[in-house]
Amino acid sequence: MRYIVIGAGAVGGVIGGRLAGSGHEVVLVARGAHHEALRDHGLRLRVPQGELTHRLPVVDGPAALGELRPDDVLLLAVKTQDSVAALRTWGPVPVRGGGTAAERLPLFCAQNGVEGKRLALRLFRRVHGVCVWLPSTYVEPGVVSAAGSPLTGILHLGRHPHGTDETTRLVAADLEKSHFEAPVVADIARWQYAKLLSNLGNALEAVTGPVDSEEAAALLRQVRAEGVAVLDAAGIAYVSTEEQQKVRGDKVTLVPLDGAPRGGGSSWQSLNRGTGTIEADYLNGEIALLGRLHGVPTPLNELFQHLANTFARERRAPGSMPVGELVRLAHEAVVNTR
């Protein structure tokens, strides 16, 4: 199989680099300065073993590839807010022997949140979910890092909305040879809703910086408690913290990397790069949506969503709001819902 990584940033670049390093055929899809750096200098992947350079085909869209191959696997690793544009670009691409990518090729959504798979299923027949446990960083154009050891990450795989198939197992086998653990599960949504709960603090970290004070930790507990209440009210199953920890154990331990500091998670990185967008609508916003549908107040998730979007739109520096200010705003938001 050939892997076409649509969105070769932190997550996509690391997965693509690791697959290439174990001998698999990989095409990277990127834009702008990142595309130019990948094309001219290769993908530089910084991991605990050192810096690895992979000279891989790089394109900025499907036109450069012509007809796709029947054995191609599409890996969607763009942020959820960029999904629709990517899906509409790649869905109509013809596949050798007839049909289009949307009709014939498997699409694996390696994204935070739960909405990406639903967006994909409107266009693609064969959609797979990937629950991404992969601490990774976009360092600079052409350079990504992953500090996990002994494994680079854990990627649960399954068909969407449920089940598994032979393609799922084949991709999992390739990932298992590429420094990942890749469990194949029939209930991928249960894992992704659990990951959604853990990602509700992304906006907190992006706005105020590392969660290293009791004030920040208390806010994190409260915003997650809102998420749990909403999922329970909606009857949505999710993996327990204990079950997640049993799978992860000490398999992905962060190791300091020279020249590749990990400043924060995906939302923090979006602010740090000044992209102008952030994924809060599909993390805290997902909880706000479900809360409105099921009559559960979600003042903290709504506040975090609003602040993250404001920071992104105004290109504010990550971590620039004092925790005390956020505590005050959170108190006001909760009081105003009573």
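Description of the structure in this document. From a predicted model like this one, the values you see are computed outputs, not experimental measurements.

## Considering the overall build of the protein chain
Part 1 of the reasoning: For the protein chain, the count of helices and strands is 14 helices and 14 strands.
Part 2 of the reasoning: Considered along the principal axes of its C-alpha atoms, the protein chain spans approximately 60 × 40 × 40 Å.
Part 3 of the reasoning: Buried residues in the protein chain amount to 57% of all 338 residues.
Part 4 of the reasoning: For the protein chain, long-range pairs separated by at least 24 residues make up 72% of all intrachain contacts whose partners lie at least 6 apart in sequence.
Part 5 of the reasoning: Carbon and sulfur atoms make up 52% of the accessible area of the protein chain, which amounts to about 14,200 Å² in all.
Part 6 of the reasoning: Within the protein chain, the 35 negative side-chain charges are centred at a point lying 4 Å from the centre of the 35 positive side-chain charges.

## A word on the pattern of salt bridges
Part 1 of the reasoning: Under the counting rule described, the total for this entry stands at 18 salt bridges.
Part 2 of the reasoning: Notably, a salt bridge pairs Glu-115 with Arg-118, separated by 3.1 Å at the nearest N-O pair. Residue Glu-115 and its partner Arg-118 are located together in helix 5 (residues 115-121), separated by 3 residues, close to a single helical turn.
Part 3 of the reasoning: In this structure, a network of salt bridges that share partners links the residues Arg-2, Glu-25, Arg-69, Asp-71 and Asp-72.

## Structural notes on the sheet that holds strand 3 (residues 43-47)
Part 1 of the reasoning: Taken together, the 4 strands give an open sheet; going across it, the order is 4-3-10-9, and neighbouring strands pair in mixed fashion. Unpaired on one side and paired on the other, strand 4 (50-54) and strand 9 (136-140) mark the two borders of the sheet. Along the sheet, successive strands turn relative to each other by an average axial angle of 25°, direction set aside.
Part 2 of the reasoning: For strand 3 and strand 10 (residues 143-146), the ladder comprises 3 bridges, and the chain directions are parallel. Paired with Arg-46 across the strands is Ser-145, a residue of strand 10.
Part 3 of the reasoning: Together, strand 3, strand 4, strand 9 and strand 10 form the strand contacts of helix 1 (residues 10-21), whose direction differs from that of strand 3 by roughly 90°.

## Some points on the packing of helix 9 (residues 214-234) against helix 12 (residues 284-294)
Part 1 of the reasoning: Following both chains from N to C, one finds helix 9 and helix 12 inclined at 45°, their axes separated by 9 Å at the closest point. The angle between helix 9 and helix 12 falls in the class oblique. Crossing handedness for the pair helix 9 and helix 12: left-handed. Packed against helix 9, whose contacting residues are Val-223, Glu-226, Gly-227, Val-230, Leu-231, Ala-233 and Ala-234, the element helix 12 presents Asn-284, Ile-287, Leu-290, Gly-291 and His-294 at the interface.

## Re the state of the cysteines
Part 1 of the reasoning: Scanning the entire structure with this criterion turns up 0 disulfides.
Part 2 of the reasoning: Cysteine Cys-109 remains unbridged, with the sulfur of Cys-131 as its closest cysteine sulfur at 13 Å.
Part 3 of the reasoning: For Cys-109, a relative accessible area of 1% translates into the label buried.
Part 4 of the reasoning: Exposure remark for Cys-131: the relative accessible area of 4% places this residue in the buried category.

## Structural notes on helix 10 (residues 241-248)
Part 1 of the reasoning: Regarding helix 10, the residues found buried are Gln-244, Val-247 and Arg-248. Within helix 10, the buried residues cover an arc of 90° as seen down the axis, which keeps them to one side. Exposed side of helix 10, more than 90 degrees from the buried face: Glu-242 and Lys-246 are the residues found there.
Part 2 of the reasoning: Contacts made by the buried residues of helix 10 are with strand 8 (126-133), strand 12 (153-159), strand 13 (180-181) and helix 7 (188-199).
Part 3 of the reasoning: Positive phi appears at Gly-249, one or two residues downstream of helix 10, with a value of about 50°.

Cut-offs used in this document
Residues numbered from 1 in each chain as written. Predicted model: local features only at pLDDT ≥ 70, side-chain atom pairs only at ≥ 80, totals over all residues. Heavy atoms only, no water. Helix = DSSP H or I, 4+ residues; strand = E, 2+ residues; numbered from the N terminus. Buried < 20%, exposed > 50% of the residue type's maximum accessible area, 1.4 Å probe, protein only. Contact = heavy atoms within 4.5 Å. Areas by Shrake-Rupley, 256 points an atom, 1.4 Å probe, with all protein chains shown as cover. Lys, Arg positive; Asp, Glu negative; His and termini not counted. Charge placed at Lys NZ, Arg CZ, Asp CG, Glu CD. Salt bridge = Lys/Arg side-chain N within 4 Å of Asp/Glu carboxyl O. Pairing = 2+ DSSP bridges. Axes fitted to C-alpha atoms, helices over the stretch in contact; angles between N-to-C directions. Parallel < 35°, antiparallel > 145°, perpendicular 65-115°, else oblique. Left-handed = near helix turned anticlockwise from the far one by under 90°. Disulfide = S-S within 2.5 Å. Arc of directions from axis to C-beta.

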